[in-house]
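# Architecture at a glance
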Amino acid sequence: KDGNDQDASVITKTRAKTQRPPLYKVLLLNDDYTPMEFVVHILERFFGMTHAQAFEIMLTVHKKGVAVVGVFSFEVAETKVAQVMDFARRHQHPLQCTMEKE
Ligand code: TYC
């Protein structure tokens, strides 16, 4: 034997890192005109919140200006934003909803 066992002593394992899809925060923005109860209704209807949860998040947006109302895959976030914006527009409220990569 030539005594060269260097290569045999090094074991390299490759392990694929788990791929996670990027997540998107859906944000609700405050304004001076949209009625509080309308915002509560949106949070119940499109985000599956209880009345109490919805009221709490609505108040957070009212006081702080913005709040995260949920975190979703790109497609689901896009759909939620479109549903909220369409519902607000149909009721002639200036409510704004946006999404942002987490
Ligand atoms: N600021 C509004 C009001 O006083 C209520 C409101 C809350 C509006 C949350 C938008 O995303 C919002 N009627």
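All of these numbers come straight from a predicted model, not from anything done at the bench.

### A word on the site of the ligand
Around the ligand, the neighbouring residues are Leu-28, Leu-29, Asn-30, Asp-31, Thr-34, Met-36, Val-39, Met-58, Val-61, His-62 and Leu-95. Here an oxygen atom of the ligand and a backbone polar atom of Leu-29 are 2.8 Å apart. In this structure, Thr-34 approaches the ligand through a main-chain N or O atom, which is 3.0 Å from a nitrogen atom. Protein contact buries 89% of the 350 Å² of open area that the ligand shows by itself. In terms of residues, the shell around the ligand owes the most to one element, helix 2 (residues 51-64), which gives 3 residues.

### Details of the environment of Met-49
Mapped onto the elements of the fold, Met-49 is located in the loop between helix 1 (36-47) and helix 2. When the C-alpha positions of Met-49 and Val-69 are compared, they lie 9.6 Å apart, and in sequence the two are 20 residues distant. Apart from residues no more than four positions distant in its own chain, Met-49 is found in contact with Leu-43, Glu-44, Ala-54, Ile-57 and Val-69.

### Remarks on the UniProt feature "domain: Adaptor protein ClpS core" (unreviewed entry) in the chain
Per the UniProt record, the feature "domain: Adaptor protein ClpS core" (unreviewed entry) sits at residues 20-98. From the first C-alpha to the last, residues 20-98 spans 22 Å; its make-up is 54% helix and 20% strand.

### Let's talk about the sheet that holds strand 2 (residues 66-72)
Strand order in the open sheet made by the 3 strands is 2-1-3, with antiparallel pairing throughout. Lying at the two open borders of the sheet, with one neighbouring strand each, are strand 2 and strand 3 (96-101). Direction aside, the axes of adjacent strands within the sheet are offset by 30 degrees on average. Bridging between strand 1 (residues 24-29) and strand 3 involves 6 bridges; their strand directions are antiparallel. Counted as the bridge partner of Tyr-24 is Lys-101 from strand 3. Where helix 2 meets the sheet, it contacts strand 1 and strand 2, and its direction lies at approximately 135 degrees from that of strand 2.

Basis of the calculations
- Here the residue numbering is sequential within each chain, running from 1 through the sequence in written order.
- In view of the model being predicted, local features appear only for residues whose pLDDT reaches at least 70, and side-chain atom pairs are presented and counted only at 80 or more, with totals across whole chains, interfaces and linings using the full set of residues.
- The basis for every side-chain value is the complete set of non-hydrogen atoms in the structure, without hydrogens or water.
- When at least one non-hydrogen atom of a residue lies within 4 Å of a molecule or strand, that residue is treated as near it.
- What qualifies as a polar contact is a pair of N or O atoms within 3.5 Å, subject to a donor-acceptor requirement within protein and to the restriction that residues adjacent in sequence count only when both atoms come from side chains.
- To be clear on the numbers: accessible area is Shrake-Rupley with a 1.4 Å probe, and residue cover counts the displayed protein chains and nothing else.
- Every helix listed is a DSSP run of H or I at least four residues long, and every strand listed is a run of E at least two residues long, numbered separately from the N terminus.
- Note on definitions: a residue-residue contact is assigned when non-hydrogen atoms from the two residues lie within 4.5 Å.
- UniProt positions are given in the numbering used here, feature names are shortened, and annotations may be inferred rather than shown by experiment.
- When DSSP finds at least two bridges between two strands, those strands are taken to pair.
- Every angle, taken between N-to-C directions, lies between 0 and 180 degrees, and every axis is a line fitted to C-alpha atoms, over only the stretch in contact when it is a helix.

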